[in-house]
Amino acid sequence: MKIFLDTANIESIRRYNDMGAVDGVTTNPTLLSKEKGHPAEIMREITKLIKGPVSLEVVGIETDGMIEEAHRLTKFGPNVVVKIPMIPEGLKAVRQLREEGIKTNVTLIFSSNQALLAAKAGASYVSPFIGRFDDIGHDGMVIIKEIVQIFANYKFDTEVLVASVRHPVHVVEAAKIGAHIVTLPPEILGKMMLHPLTEKGLNSFLSDWEKITKQYQVTF
Ligand code: G3P
């Protein structure tokens with residue numbers, strides 16, 4: 001399963017990219033609003049930092065406007081994927097952009113039918129928001145299971161990009177289902193690396209080594 005970072009924070013992207021953990025990045029207007037600096041400059045920098053796909057979102061809600069924005073956004077780099085909202089005008093834009101060879105990520109997906117329509121329009125990725133489902137007392141993973149199965153049944157090349165991830169258990173569940181990608185806030189990726197037994201084990205290895213070096217004056 002590929003791991004994307006769901007952030008516009010350059011420092012976090014650099015940090016986790018240096019660990020080889022980042023296959024791509026997803027952004028949105030809310031994430032950009034949390035950072036200091038001109039959004040265009042931030043988007044440009046992310047596309048340079050990351051070799052993999054970088055989703056940049058349009059803010060228009062009319063088809064022609066979205067397509068114009070897509071043309072501007074793709075100038076930031078060859079790895080740009082244009083994020084389009086799941087609305088009828090958006091599906092028209094996705095279809096046209098597919099014909100132009102521009103990759104799209106259809107966002108704000110909250111049902112399997114929306115995902116099916118986005119795939120039929122030619123989206124490269126669909127982004128179901130599982131955490132927002134969980135927030136209102138539903139199990140967001142249910143639609144991930146459905147979408148993965150539907151895409152496999154009909155051999156769509158559209159990838160399921162699990163978004164709105166709230167904790168590491170979401171990642172394990174998405175991987176067990178066979179979702180292609182999860183996009184994670186940096187804090188969740190950080191939590192995935194940690195385990196108290198790893199820390200405890202490392203501390204005892206280090207203190208045992210210290211005992212030996214004192215006893216035998218080991219140096220190398
Ligand atoms: O990429 C957008 C998605 O991940 C949003 O997450 O936490 O705002 O529901 P959240």
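How each quantity is defined
- Residues numbered from 1 in each chain as written.
- Predicted model: local features only at pLDDT ≥ 70, side-chain atom pairs only at ≥ 80, totals over all residues.
- Heavy atoms only, no water.
- Helix = DSSP H or I, 4+ residues; strand = E, 2+ residues; numbered from the N terminus.
- Buried < 20%, exposed > 50% of the residue type's maximum accessible area, 1.4 Å probe, protein only.
- Contact = heavy atoms within 4.5 Å.
- Areas by Shrake-Rupley, 256 points an atom, 1.4 Å probe, with all protein chains shown as cover.
- Lys, Arg positive; Asp, Glu negative; His and termini not counted.
- Charge placed at Lys NZ, Arg CZ, Asp CG, Glu CD.
- Polar contact = N/O pair within 3.5 Å; in protein donor to acceptor, adjacent residues only side chain to side chain.
- Pairing = 2+ DSSP bridges.
- Axes fitted to C-alpha atoms, helices over the stretch in contact; angles between N-to-C directions.
- Expected span 1.5 Å × (residues − 1).
- Arc of directions from axis to C-beta.
- Right-handed = clockwise from strand over helix to strand, strands pointing away.

Novice: Is there a simple way to explain the overall build of the protein chain in this structure?
Specialist: When you go through the protein chain residue by residue, the secondary structure sums to 11 helices and eight strands. Here the protein chain, with 220 residues, has 47% of them falling under the buried criterion. Looking at the protein chain alone, contacts between residues at least 24 apart form 56% of all its contacts between residues at least 6 apart. Working note: accessible area of the protein chain is about 12,200 Å², and carbon and sulfur atoms make up 56% of it. Computed over 25 positive and 26 negative side-chain charges, the separation of the two mean positions in the protein chain equals 3 Å.

Novice: How should I be thinking about unusual backbone geometry in this particular structure?
Specialist: Trans is the common state for peptide bonds, and a negative phi is the common state for residues other than glycine. Unlike most non-glycine residues, L108 shows phi in positive territory, near 65 degrees. Note on placement: L108 falls in strand β5 (residues 104-109). Phi angles above zero are rare outside glycine, and S164 is one such case at about 60 degrees. As for its position among the elements, S164 is in the loop between β7 (159-162) and α9 (168-177).

Novice: Can you walk me through the side chain of T47 in this structure?
Specialist: Within the fold, T47 resides in helix α3 (residues 39-49). Look at T47 and you get buried, because its relative accessible area is 6%. A distance of 3.1 Å separates a polar atom in the side chain of T47 from the backbone oxygen of F76.

Novice: How should the sheet that holds strand β3 (residues 54-57) be read in this particular structure?
Specialist: Paired through backbone hydrogen bonds, the strands of a sheet run either parallel or antiparallel to each other. Taken together, the eight strands give a closed barrel; going around it, the order is β1-β2-β3-β4-β5-β6-β7-β8, and neighbouring strands pair in parallel fashion. Taking the axes of each pair of neighbouring strands and ignoring which way they run, one obtains an average angle of 30 degrees across the sheet. Where strand β4 (residues 80-85) meets β5, four bridges bridge the pair, whose relative direction is parallel. Pairing of V82 across the sheet is with T104, part of β5. Each of β2 (24-26), β3 and β4 is contacted by α3, which is oriented at about 165 degrees to β3, the strand it contacts most. Of the strands in this sheet, β3 and β4 touch helix α4 (residues 63-73), which is tilted by about 160 degrees from β4.

Novice: What is the right way to read helix α5 (residues 88-99) from this model?
Specialist: Residues lying three or four places apart along an α-helix face the same way, a consequence of the helix completing one turn every 3.6 residues. Between its terminal C-alpha atoms α5 stretches 17 Å, which fits the 16 Å expected from 12 residues at 1.5 Å a residue. All buried positions along α5 are accounted for by G90, L91, A93, V94 and L97. Seen from one end, α5 has its buried residues packed into an arc of 160 degrees, which puts them on one side. In α5, those exposed residues whose orientation departs by more than 90 degrees from the buried face are P88, K92, R95 and E99. The inward-facing, buried residues of α5 contact α4, β4, β5 and α6 (112-121). Once α5 finishes, G101 follows within two positions and takes phi at roughly 85 degrees, a positive value.

Novice: Looking at this model, I keep getting lost on the pairing of strand β6 (residues 125-128). Mind explaining?
Specialist: Working note: regular strand, side chains alternate between the two faces of the sheet. Burial of β6 is two-sided: the residues Y125 and S127 facing one way and the residues V126 and P128 facing the other way are all buried. Where β5 and β6 come together, three bridges link them in parallel fashion. Residue pairing across strands places V106 opposite V126, the latter belonging to β6. As a crossover connection, the stretch from β5 through α6 into β6 is right-handed.

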